[in-house]
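Read off the chains here:
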Amino acid sequence: TCAETTCAETTCAETTCSPTNSEGAGAAGPSAPGVLLRIPSMDCAVEEGEIRHALREFSALRGLQFQLAARTVSVDAPSADMPQILAAIRRAGFAPEVVSSTAAAQPAPDYSAREMRRYGLALAMAIGAEVLAFMMPDSTLGTVLGMAMAATAIALAGFSVYRKGFAALLQGRLNINALMAVAVTGAFLIGQWPEAAMVMALYAIAELIEARAVDRARSAIKALLDLAPDVAETQGPDGSWRELAVASVPTEAIVRVRPGGRVPLDGVIVSGSSAINQAPVTGESIPVDKSVGDSVFAGTINETGMLQLRVSAPASESTLARIIHAVEQAQGTRAPTQRLVDRFAAVYTPLVFLMAVAVALLSPLVFDWTWSQSVYKALVLLVIACPCALVIATPVTVVSGLARAARHGILIKGGVYLEQARHLRVVAFDKTGTITTGQPKLMAIEVLDEAGAPAGTARQSVLRWAAALAAQSDHPVSQAIATGLTVESPGPESVVENFVALAGRGVQGQVDGIALTLANQRWVQENGLSSADLEARLRVHAERGCSTTLLIDAKRVLAIFAVADTLKADAPPALADLQALGVRSVMLTGDNPLAARTIGQEAGISDVRAGLLPEEKLAAVQALQRECGVTAMIGDGINDAPALAHADIGVAMGGAGTDIAMEAADIVIMNDKLGRIPDTIRLSQATHAVLWQNIALALGIKSVFLLLAVLGNATMWMAVFADMGASLIVVFNGLRLLRLSMPSAD
C-alpha cells in the first residue's frame, strides 16, 4: 500500500505561445512565422514579461518563443504586423534586431567587457563627485563640477535603466528599472547627487555581475557545443579524404575519426573498433567499446582505434544538438515556484511604491521630518524594495538544476518536472530494455534425441543444424540462439535450403538434406508432437524466466533452447535506492507472467503486472495515480508511449529508446542507467531546498533593511547594497547546484 497523499491537479509547463486570434490572423494577410529577433538587453524573466506586456495589444500575434540564454525571441505573427511589433518593443525600452536562424545559433555577442569599462568610468566619476562634495561642500565651483560629474556618471551607467524605466512608467507599469529611475532622479533633485551617482554606478555594475553569473548557469549546457569539432574528415566520391565543415556534411556520408579525436557527427561505425568516451552525451565516465554496426554520438571522444562512420543525422539534428535544444526549451518554461514568485512580485512592487509615496507625504506630519528628509527616506525605501533578488531567485536555481542534470545524461524538459520529481510516490517500470538489457541471451541447451545424427557427432550436428536455421532469421530470439550456438559449437556452417518463415511460430528449412523446423511451443502443440515429459521440461525453463524454442525433425523434438533477457546490473541497487527514498516500484510489462515474475524477484520488485497491452499499461498508470499520487512511468518502446504521456512524469531510456518514447517523455535518461532515477529525485529535493533558501534570503534581507529605512537608520548606499547584495547572494546560492553530488554519476 502507498502512503496517503494529497492529490493535486497536474501542473503543465507554461506555454510559450500567446492567445491566438484566428480571425485576426487570417485577415491580416500572409504570415511570417518564426521571425527571429535578438534583444541584447533581454536576459531574465523580468525583461520577458515587459516584452509580453508590450505586445499584448496585438490580437493577430500567434506565438512568442523566448530563448533567454541566446537573448532571442521568435515572433509568429502576420508579416504586415511586424513593423508595429518592432516599434512596440522599442517603446518598451528594448532594441530588437532581426536575425537569421544561422546567426542566432551563434553565441550572443558579449558586451560585458565594453559595459564594464563604461560602468567603471561611471564609478570613477561618482567617486570624484563624492570627493568634491566632501572637500568643497560650500564651494559653488565644487558644487557645479560635482553635479556635472554625478550627472555624467548617471548617464553612463543608467542609460538603459532610464530607457526601460521611463517606458514602463509611460505604460503605467512599475518594474525594477522604473523604481531605480525614480529613486536616482529624486535623490539628485533633492541635492543628494553624489549618492545618486554612486547608487546608479553600483547598481549597473552589480547588474552586470549578476547577468554574467546567470549566464554561467544558462551556458553550462551550451559548453557542450564546443565539444563537437567544426570540421570532419569526409570521404569523397573518388575515395579521397578531405576536411569539410560539419554543417555541410550530408547524411550517409562516410567520415573518419582518428584515435584521440572527437566524433564530429552522429553516425554508425562501418569500419574499425575503439573505446568511446561518451561522457559529454550520456554522463557515463567509463569508455564504452564500439565496433561495426554500433552508433556513436557527436562530441564523444574516440580513444583508441581508427573509425569510419556513416553519418546518420546532420549537425543540426545530432543527439548533442537535440539535448541542447531541449534544455533551452526547458529554460523557456516557468517552474511552479517561479510562477508563484512572479505573481507575488507583480503585487509587491506597486504596494512598495505606494508605501514610499506614503512615507514621502505623511512623514512630515507624523514624525515631524523635513520634506527633504521624507523624500530621501522614501527613495531609500524604493531602492531597498526592488524585487530583483526575489525575481531572479527562482530561474537561476532551476536553470542550474537543469544544467547539472544534463551534464550527467539526464535530460529534463522543463522546470516543472524538476520540481515535481520530489513528490514521486510510485515509479512504474517497463521490463524489456528498461529493467533488463533488452538483448536476449541463450541460457540453456537440452539435446533430447540424437538418433538422427551421425555416430559420435550427434550433439554437435544438432547444434550446428539449429545454428544454421536460426542464422537465417532476424528475430531477436533466433539471433540469440545463433550467437550462443556459434560459441557453444564452433565449426563450418551448414547450408540451409528451402528456407520458410512461419509467422508467429518459427522457421523451416532443409539442413544437410534433413527437413527441420525451429519453432515455439505452440507449433509443437499444434502438430501433435508435445508430450507430458516435454511440457514438464518446458515448464522448468519458463519458471526461470526463459522463453523456449525447439528444434524438430519430421517425427520428434531434437533439442530445446532456452533464451532469456538478462537483468541490468544496476537495476537492484537503483530500485533499493528508490525504496530508501520512500518510492514504490511497480513493473508493467507485456511479457509472460512467469518471465516477468522471475525478473521482478531478481530486481526486488514485488508488484509485477504482466501480459499488458499498451492501453492496459495506460490504465495501470491511471490506477496508480488514483491510488498513490504522483506517478512516473519509465519505458523505452513505442508501446510505452501512451503511459509515458499520461504519467505525471514520463521517463524514457534514451540509449536504446525509440524516438516516439523519447518525444512523449518529460525526462530522458541518455545512458539507460536506472540509478539516474533516484539521482533525479535527489536533485529535485535539492533544487526545492535552494529555491526556498533563496526566497527566504531575498525577503529576509529586504525586511531587515526596510525596517531600518522606516526607522530612519538606512542610507541610499545601504539600500543599493541591500538590493544588489541580496541578488548576488541568491544567484551564487543557486549556482551551487552545478556542483551537486550525484551518487550514480560521480
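Everything quoted here is computed from the prediction, not taken from an experiment.

Draft legend 1. Representation of the overall build of the chain in the model. Tallying secondary structure elements over the chain gives 25 helices and 26 strands in all. For the chain, with 746 residues in total, the buried portion stands at 52%. Sequence-distant contacts, at least 24 apart, represent 70% of the contacts inside the chain between residues at least 6 apart. By element, 58% of the accessible surface of the chain is carried by carbon and sulfur atoms, the whole surface being about 32000 Å².

Draft legend 2. Layout of the sheet that holds strand β21 (residues 557-564). Pairing is antiparallel in the open sheet, where six strands are placed in the order β16-β21-β20-β19-β18-β17. In the strand order of this sheet, the two ends are held by β16 (441-447) and β17 (496-502), each with one partner. Neighbour to neighbour, the strand axes of the sheet diverge by 15° on average, direction disregarded. Of the pairings in the sheet, the one linking β17 to strand β18 (residues 506-511) comprises five bridges and is antiparallel in character. Paired with V500 across the strands is Q508, a residue of β18. Where helix α15 (residues 458-471) meets the sheet, it contacts β16, β17, β18, β19 (514-519), β20 (547-552) and β21, and its direction lies at approximately 65° from that of β19.

Draft legend 3. Quick peek at the packing of helix α7 (residues 176-189) against helix α12 (residues 371-385). Look at α7 against α12: their axes get within 9 Å of each other, and the N-to-C directions meet at 150°. Between α7 and α12, the crossing angle belongs to the class labelled roughly antiparallel. For the crossing formed where α7 meets α12, the hand is left-handed. Only L379, L382 and V383 of α12 make contact with α7, whose side of the interface consists of L179, M180, V182, A183, G186 and A187. Residue classes in the contact of α7 with α12 are distributed as eight nonpolar, one polar and no charged.

Draft legend 4. Fine view of the side chain of D565. Assignment of secondary structure puts D565 in the loop between β21 and α19 (571-580). Notably, D565 is buried but unbridged: the nearest opposite-charge side chain belongs to K431, and the N-O separation is 4.4 Å. Separated by 2.3 Å, the side chains of D565 and T436 make a polar contact. At a separation of 3.2 Å, a polar atom in the side chain of D565 contacts the side chain of T437. Apart from the residues within four sequence positions on either side, D565 is in contact with K431, T432, G433, T436, T437, G438, Q439, P440 and I599.

Draft legend 5. Main features of the packing of α12 against helix α25 (residues 716-735). Where α12 meets α25, the axes come as close as 8 Å, and the angle between the chain directions of the two elements is 10°. Classified by the angle between their axes, α12 and α25 sit roughly parallel to one another. The two elements α12 and α25 meet at a crossing, and its hand is right-handed. On α25, the residues that touch Y376, L379, V380, V383 and I384 of α12 are M716, A719, V720 and D723.

Draft legend 6. Structural context of α12. Helix length check: α12, at 15 residues, gives a terminal C-alpha distance of 21 Å against a target of 21 Å (1.5 Å per residue), a fit within 8%. Of all 15 residues that make up α12, eleven are buried, and the element is covered over most of its length. Within α12, the full set of buried residues consists of S374, Y376, K377, A378, L379, V380, L381, L382, V383, I384 and A385.

Draft legend 7. Structural view of empty space enclosed by the protein. Going through the model one piece at a time under the given rule, you end up with two cavities of 30 Å³ or more. Counted as a void, the second largest cavity has a volume near 70 Å³. If you trace the second largest cavity, you find it lined by A421, L424, V427, A632, I634, I649, V651, I667, I677, T680 and I681. Among the elements that line the lining of the second largest cavity, the one with the most residues is helix α24 (residues 676-710), at three residues. The class makeup of the residues in the lining of the second largest cavity is ten nonpolar, one polar and no charged.

Draft legend 8. Representation of the packing of aromatic side chains. Tallying each qualifying case throughout the model produces one aromatic pair. Between the aromatic rings of Y162 and F166, the centroid separation amounts to 5.3 Å while the plane-to-plane angle is 50°, which identifies the pairing as tilted. A residue pair is termed a helical-turn pair when its members lie 3 or 4 positions apart in one helix, as Y162 and F166 do in helix α6 (residues 140-170) at four residues. Relative accessible area serves as the criterion here: at 16%, Y162 is assigned to the buried category.

Draft legend 9. Quick peek at the nonpolar core. Formed by 52 residues in total, the largest nonpolar core has its most connected members in M180, V184 and V380. The element that contributes the greatest number of residues to this core is helix α8 (residues 193-218), accounting for twelve residues. If we ignore the near neighbours within four places in the chain, the residues touching M180 are V161, V199, Y203, V383 and C386. Judged by nonpolar contacts, the second largest core, of 39 residues, contains A596, I605, I649 and I669.

Draft legend 10. Molecular detail of the sheet that holds strand β5 (residues 231-235). Strands sit in the order β6-β5-β7-β13-β8-β11 across an open sheet of six strands; the sheet is antiparallel. Looking at which strands have only one partner, the edges of the open sheet turn out to be β6 (241-245) and β11 (295-296). Where β5 lies against β6, five bridges are found, and the strand directions are antiparallel. When the bridges of β6 are listed, T234 appears paired with R242.

Draft legend 11. Examining a nonpolar patch on the surface more closely. There is a patch of nonpolar side chains on the surface, built from I127, V131, F134, M135, M136, L141 and L145 and spanning about 720 Å² of accessible area. When residues of the nonpolar patch are traced back to their parent elements, those giving at least two are α5 (112-135) and α6. No other element matches the four residues that α5 contributes to the nonpolar patch. Note that L145 resides in helix α6.

Draft legend 12. Up close: helix α3 (residues 82-91). What α3 keeps buried is the set M82, I85, L86, A88 and I89. Each buried residue of α3 lies within a common arc of 160° when the element is viewed along its axis, so the set occupies one face. Phi turns positive one or two residues past the end of α3, at G93, with a value near 100°.

Draft legend 13. Local environment of unusual backbone geometry. The backbone phi angle of E252 is positive, close to 75°, even though this residue is not glycine. Turning to its location among the elements, E252 is positioned in the loop between β6 and β7 (254-257). Accessibility expressed as a relative area gives 55% for E252, which makes it exposed. One non-glycine residue, N498, lies in the positive phi region at around 55°. Summarising the element assignment, N498 is placed in strand β17.

Draft legend 14. Here's a closer look at the pattern of salt bridges. Within this structure, the stated rule accounts for 14 salt bridges. As a salt-bridge pair, R537 and E446 come within 2.5 Å of each other at their nearest N and O atoms. In this pair, R537 is assigned in helix α18 (residues 532-543) and E446 in strand β16, connecting sequence segments 91 residues apart. A salt bridge links R556 to D553, with the nearest nitrogen and oxygen atoms 3.4 Å apart. Residues participating in the shared-partner salt-bridge network are R584, D607, R609 and E627.

Rules and cut-offs
By convention here, each chain's residues receive numbers from 1 onward along its written sequence. Predicted model: local features are reported for residues with pLDDT of at least 70 only, side-chain atom pairs are reported and counted for 80 or more only, and whole-chain, interface and lining totals are derived from all residues. Note that water and hydrogens are dropped before the side-chain values are worked out from all heavy atoms of the structure. Strands are runs of DSSP state E lasting at least two residues, helices are runs of H or I lasting at least four, and both sets are numbered from the N terminus onward. Working definition: with a 1.4 Å probe on protein chains only, accessible area under 20% of the residue-type maximum means buried, over 50% means exposed, and in between means partly exposed. Residue contacts are counted whenever heavy atoms from the two residues lie within 4.5 Å of one another. In these tables, accessible area is a Shrake-Rupley quantity obtained with a 1.4 Å probe, and a residue counts as shielded only by the protein chains included in the view. A pair of strands is considered paired only if DSSP assigns at least 2 bridges between the two. The angle between two axes is taken between their N-to-C directions and runs from 0 to 180 degrees, where each axis is a line fitted to C-alpha atoms and a helix contributes only its stretch in contact. Roughly parallel covers angles under 35 degrees, roughly antiparallel covers those over 145, roughly perpendicular covers 65 to 115, and oblique covers all other angles. Left-handed describes a crossing whose near helix is turned anticlockwise from the far helix by less than a right angle; the clockwise case is right-handed. Amino acids outside the nonpolar list (Ala, Val, Leu, Ile, Met, Phe, Trp, Tyr, Cys, Pro) and the charged list (Asp, Glu, Lys, Arg) are all regarded as polar, and Gly is one of them. For the charge count, each Lys or Arg is scored as positive and each Asp or Glu as negative, with His and the chain ends excluded. By definition here, a salt bridge exists when the distance from a side-chain nitrogen of Lys or Arg to a carboxyl oxygen of Asp or Glu is within 4 Å. Polar contact is the term for a pair of N or O atoms within 3.5 Å; when the atoms are in protein, one must be able to donate a hydrogen and the other to accept it, and sequence-neighboring residues count only if both atoms are side-chain atoms. To estimate how far a helix should extend, the number of its residues minus one is multiplied by 1.5 Å. Here a cavity is any set of points on a 1 Å grid over the protein atoms alone where a 1.4 Å probe fits but cannot get out, and a pocket is any open set with protein on both sides within 12 Å along at least 5 of 7 lines; a residue lines the site when it has an atom within 4 Å of a point. Grid points are joined across faces, edges and corners, and a volume is the space filled by probe spheres set on the points. Each aromatic pair joins two rings of Phe, Tyr and Trp (for Trp, the six-membered one) with centres within 6.5 Å, and gets the label stacked for planes under 30 degrees apart, edge-to-face for over 60, and tilted for any other angle. Remark: nonpolar core denotes a set of buried residues (Ala, Val, Leu, Ile, Met, Phe, Trp, Tyr, Cys) joined through side-chain atoms within 4.5 Å. Patches here: salt-bridge-free residues with over 30% relative accessible area, like charges joined within 9 Å, nonpolar side chains (Val, Leu, Ile, Met, Phe, Trp, Tyr) joined within 5 Å. This arc is taken over the directions from the axis of the helix to the C-beta atoms.

Read these as layout, nothing more, since geometry by itself doesn't imply function.
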